[in-house]
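Reading the structure
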2 protein chains.
Amino acid sequence: MIKLYSFPGTVSLAVHIALEEAGAAYELVKVDFMTNAQRSPEFLAINPKSRVPALATERGVLTEAPALLTYVAQTFPEANLAPLDDPFAMAQVQAFNTYLCSWVHPAAAHRHRGYRWADDPAAIADMRRKAPEVFADGMAVIEAEYLRGPWVMGEAYSICDPYLFTVAGWLPRDGIDMARFPRIAEHFARMGERPAVRKVLAQLAV
Amino acid sequence: MIKLYSFPGTVSLAVHIALEEAGAAYELVKVDFMTNAQRSPEFLAINPKSRVPALATERGVLTEAPALLTYVAQTFPEANLAPLDDPFAMAQVQAFNTYLCSWVHPAAAHRHRGYRWADDPAAIADMRRKAPEVFADGMAVIEAEYLRGPWVMGEAYSICDPYLFTVAGWLPRDGIDMARFPRIAEHFARMGERPAVRKVLAQLAV
């Protein structure tokens, strides 16, 4: 059975939701960031990058949220989680997810993980102060340009939706009022109504 | 005809090489970062994120290097630039490219574009100092774990190769001796022998 290595509050949530939407049989394995389990020899043997999500499949371990999302969509085509037969539409899906992973997520990460990019405590503090502003600027681009509604790609729900839901869920913890982005807030609420999302959130609340 | 919006020294090089490898008919459009053309109203109408690469196709504009690389591979399947029919192998390709776009590229960007994440000049200076170390750490992970040889994915050349070539090409400008990564250095040299790469570099040197 597929194993999803995950931790609450991380982007593994997006893949977790996608697996649930796909009706996949999977086992959830918690990598406890509170005890630094992502840096244990056991987990480094699974993912040398010491990050979640990682997905252990019959053929080996896969990493990186956008890659896992596409993998789930391709492996469970009957779930219609991506426009698999349309390279242009698929590139739009990938571009959306890439914007989240390469710009918005790192922007947000400067609030809690500034030590990755600086050593001086004052520098880390300055990043921490600015991060919500950069994070919000990224979300504003999505609000204005890339969220078609009702789902990210329009009428069709896709692997972009759980990813946006996951990242939007970090706004309150970073002190950003989601109401600044009415379309994202509406999308967030709409996502919360989906049975797969409810099931996943209930699983994580245990 | 496809138009690639690009600028030398940016990640648009990877897509440029992929288009050339694919035998695509394309027009190269230079977005002059020296005059901040990426922030002009004309270019913002093409890519509201004010970044290159952007690819103008018959159906509209696509953005984000990993998405464009996959798009080129899917649109020119006869060029064999990705394992299109194997979701697991394709996820490995996507994971490699995602690691570059979400971790290694932002790490390097802290050297020249620290203002994105901090305002204090001392903080920007500290990021600038640390960036080559973080960039090198990311490349060390690739060297140790993800470059199979002779190409990234092993025997088969893929869309991972021009992307790694592009990012590895930034090492010297950031003061990092590529010889620290013998397999990456060998890959870089091997890439430089490919006719498509030579043609692209000659085009850019004009």
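These numbers come from a predicted model, not from an experiment. (Residues numbered from 1 in each chain as written. Chains lettered and ligands numbered in written order. Predicted model: local features only at pLDDT ≥ 70, side-chain atom pairs only at ≥ 80, totals over all residues.)

Quick look at the overall build of chain A
Operational definition: Secondary structure elements are defined from DSSP: runs of H or I of at least 4 residues count as helices, runs of E of at least 2 residues count as strands, and each element is numbered from the N terminus. The globule rule used for comparison is 2.2 Å times the number of residues to the exponent 0.38, while the radius of gyration itself is calculated over C-alpha atoms. Three classes are used. A residue is buried when 20 or more other C-beta atoms lie within 10 Å of its own, exposed when 12 or fewer do, and partly exposed in between, with C-beta atoms placed from the backbone. What counts as a contact is two residues whose backbone-derived C-beta atoms lie within 7 Å of each other.
A count of helical and extended segments in chain A gives eight helices and four strands. Beginning at the N terminus, the succession of helices and strands in chain A can be written as β-α-β-α-β-β-α-α-α-α-α-α. Compactness check: chain A gives a C-alpha radius of gyration of 17 Å against a globular reference of 17 Å for 206 residues, within 12% of the reference. Buried residues in chain A amount to 49% of all 206 residues. Considering only residue pairs separated by 6 or more positions, chain A has 61% of its internal contacts joining residues 24 or more positions apart.

Overview of the relation of the copies chain A and chain B
Put simply, the test is: Residues reaching a pLDDT of at least 70 in both copies supply the C-alpha atoms on which the copies are superposed by least squares.
If you rotate chain A by 180° and push it 0.0 Å along the axis, it lands on chain B with an RMSD of 0.0 Å. In short, the pair behaves as if placed about a two-fold rotation axis. By residue overlap, the copies meet face to face through one surface: 100% of the interface positions of chain A are interface positions in chain B.

Section: the environment of V152 of chain A
Residues and elements named next belong to chain A. Looking at the secondary structure, you find V152 in the loop between α5 (121-146) and α6 (160-168). When the 25 C-beta atoms within 10 Å are taken as the criterion, V152 is described as buried. Once the C-alpha coordinates of V152 and F96 are considered, the two residues, 56 residues apart in sequence, prove to be 8.7 Å apart. Here V152 is in contact with F96, Y146, L147, S158, C160, D161 and L164, once residues within four sequence places are set aside.

Section: the sheet that holds strand β1 (residues 2-6) of chain A
All names here are of chain A. So the rule is basically this: Two strands qualify as a pair provided that DSSP identifies no fewer than 2 bridges between them. Structural elements are reduced to axes, namely lines fitted to C-alpha atoms, with helices fitted over the stretch in contact, and the angle between N-to-C directions of any two is expressed from 0 to 180 degrees.
On the basis of which strands lie adjacent, the open sheet formed by four strands has the order β2-β1-β3-β4 and mixed pairing. Among the strands making up the open sheet, the edge pair consists of β2 (26-30) and β4 (60-63). Neighbour-to-neighbour, the strand axes of the sheet open up by a mean angle of 25°, direction not taken into account. Contacting β1, β2 and β3 (54-57), helix α1 (residues 12-22) crosses the sheet at an angle of about 150° to β1.

Side note on the domain arrangement of chain A
Residues and elements named next belong to chain A. Basically, it comes down to this: Each domain's limits were defined by an automated method or a database of domain assignments. Under the scheme applied, nonpolar residues are Ala, Val, Leu, Ile, Met, Phe, Trp, Tyr, Cys and Pro; charged residues are Asp, Glu, Lys and Arg; polar residues are all the others, including Gly.
Segmentation of chain A into domains returns domain 1 (2-80 + 198-205) and domain 2 (87-194). Of note, the centres of domain 1 and domain 2, computed from C-alpha atoms alone, are 19 Å apart. Facing twelve residues of domain 1, the contacting portion of domain 2 comprises ten residues. Broken down by secondary-structure element, the contributors of at least two residues to the side of domain 1 that touches domain 2 are α1 and α3 (65-75). Top element by residues in the side of domain 1 that touches domain 2 is α3. It accounts for six residues. Each residue belonging to the side of domain 1 that touches domain 2 can be placed in one class, and the counts come to ten nonpolar, one polar and one charged.

As for the nonpolar core
As a reminder of what qualifies: Each nonpolar core consists of buried Ala, Val, Leu, Ile, Met, Phe, Trp, Tyr and Cys residues. Their C-beta atoms, within 7 Å, join them into a set.
The biggest cluster of nonpolar side chains holds 136 residues, and the ones touching the most others in it are V72 of chain A together with V72 of chain B. In contact with V72 of chain A, other than residues within four places in its own chain, are V15, A18, L19, A22, A24, L81 and I159 of chain A.

Topic: the interface of chain A and chain B
Across the contact, 40 residues belong to chain A and 40 residues belong to chain B. Contributions of two or more residues to the side of chain A that touches chain B are made by β4, α3, α4 (87-112) and α5 of chain A. Tallying contributions element by element places α4 of chain A first for the side of chain A that touches chain B, with 13 residues. Residues that form the side of chain A that touches chain B fall into these classes: 20 nonpolar, eleven polar and nine charged.

Observations regarding the sheet that holds strand β3 (residues 54-57) of chain B
All names here are of chain B. Strand order in the open sheet made by the four strands is β2-β1-β3-β4, with mixed pairing throughout. Looking along the sheet, the strands with just one partner apiece sit at the ends: β2 (26-30) and β4 (60-63). Strand-to-strand twist in this sheet, taken as the mean axis angle between neighbours without regard to direction, amounts to 25°. Sheet topology places β3 next to β4; four bridges connect them, and they run antiparallel. Bridge pairing in β4 places L55 opposite L62.

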